[in-house]
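Survey of secondary and tertiary structure
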Amino acid sequence: GAFIGWKSDDNQMTIATANAGDSMVLQTANKVTALTIDASQNVGIGTGSSVDELLHLQSATSGKPVLKIENTNTDGEPCYLEFYKTGADEADGDEISKINFYHTDSGNNVTRYASIITTSEDITDGNEDGKIRFSTVKAGADTSSFVIESGGVNEPGGVLKENLLTNSGFDVWS
């Protein structure tokens, strides 16, 4: 079962399932599931009942899904996409965030082909250092393509370039 309620003290409307383990589903007029909230509070858009992450977007349409973040303000401020890692046991070398790029290979295996990883190299207050690593897969093995760190850029083979504008081998636009 399900219920719809109103809590006037909090000005809050509640739509809920009555049984533990049930999911909530919103469907379009032709009974296609548009949004699912499962019992683990995972939200799926376009996934049907197969929701396996906190937010899961899925589409069988070419060029979709697209996550659009739009700022229509007329000032010079941009949109933001922010990643936070918080906790009580932060340490030097912690990975802060990661963006992975997956594709299905010829054996129908889901394979990570590239990633962007950010790391807090030094978390000492007033002396913080960060690093961004761009990684790709070559012949099935993960390889660091290049690393941006506080001292410059490490190219493959560990060559540190302290200033991209004065070193050849990179295209720099101004």
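Report on the accompanying structure. (Residues numbered from 1 in each chain as written. Predicted model: local features only at pLDDT ≥ 70, side-chain atom pairs only at ≥ 80, totals over all residues. Heavy atoms only, no water.)

1. Concerning a nonpolar patch on the surface
Basically, it comes down to this: Only residues whose relative accessible area exceeds 30% and that take part in no salt bridge are eligible for patches, with like-charged residues grouped when within 9 Å of each other and nonpolar side chains (Val, Leu, Ile, Met, Phe, Trp, Tyr) grouped when within 5 Å. Accessible surface area values rest on a Shrake-Rupley calculation with a 1.4 Å probe, where residue burial reflects the displayed protein chains alone. Salt bridges, as used here, are contacts in which a Lys or Arg side-chain nitrogen is within 4 Å of a carboxyl oxygen on Asp or Glu. Strands here mean DSSP runs of E at least two residues long; helices mean DSSP runs of H or I at least four residues long; both are numbered from the N terminus.
Judged by side-chain polarity, Ile45, Leu55, Leu57, Leu67, Ile69, Leu81, Phe83, Ile99 and Phe101 come together as a nonpolar surface patch covering roughly 850 Å² of accessible area. Mapped by element, the contributors of at least two residues to the nonpolar patch are strand 6 (55-57) and strand 7 (94-104). Tracing the sequence through the fold places leucine 81 in the loop between strand 6 and strand 7.

2. Side note on the packing of aromatic side chains
Where we set the bar: Any two of the Phe, Tyr and Trp rings considered here, Trp counted by its six-membered ring, make a pair once their centres fall within 6.5 Å; the pair's planes then place it as stacked at under 30 degrees, edge-to-face at over 60, or tilted in between. Only protein chains enter the accessibility calculation, which uses a 1.4 Å probe; a residue is then buried when its area is under 20% of its type maximum, exposed when over 50%, and partly exposed in between.
Tallying each qualifying case throughout the model produces one aromatic pair. A centroid spacing of 4.7 Å and a plane angle of 20° characterise the contact between phenylalanine 134 and phenylalanine 146, whose relative ring orientation is stacked. With phenylalanine 134 in strand 9 (residues 129-138) and phenylalanine 146 in strand 10 (residues 141-149), the pair connects residues that are twelve residues apart, well separated along the chain. On the accessibility criterion, phenylalanine 134 (26% relative accessible area) is partly exposed.

3. As for the pairing of strand 7
Along any regular strand, the residues point their side chains to alternate faces of the sheet. Put simply, the rule is: Only strands joined by at least two bridges in the DSSP assignment are considered to pair.
In this structure, strand 7 lies alongside strand 8 (residues 110-122), joined through ten bridges in antiparallel fashion. By the bridge assignment, glutamate 95 is partnered in strand 8 with threonine 119.

4. Quick look at the sheet that holds strand 3 (residues 24-27)
To be explicit about the condition: Axis definition: a line fitted to C-alpha atoms, over the contacting stretch in the case of helices. Angles run 0 to 180 degrees between N-to-C directions.
Within the open sheet, the four strands sit side by side as 3-4-5-6. Their pairing is mixed. Each of the sheet's edge strands pairs with one partner strand only, and the pair in question is strand 3 and strand 6. With direction set aside, neighbouring strand axes in the sheet form an average angle of 15°. Inspection of the sheet shows strand 5 (residues 43-45) paired to strand 6 by three bridges, in the parallel sense. The partner of isoleucine 45 across the bridge, within strand 6, is leucine 57.

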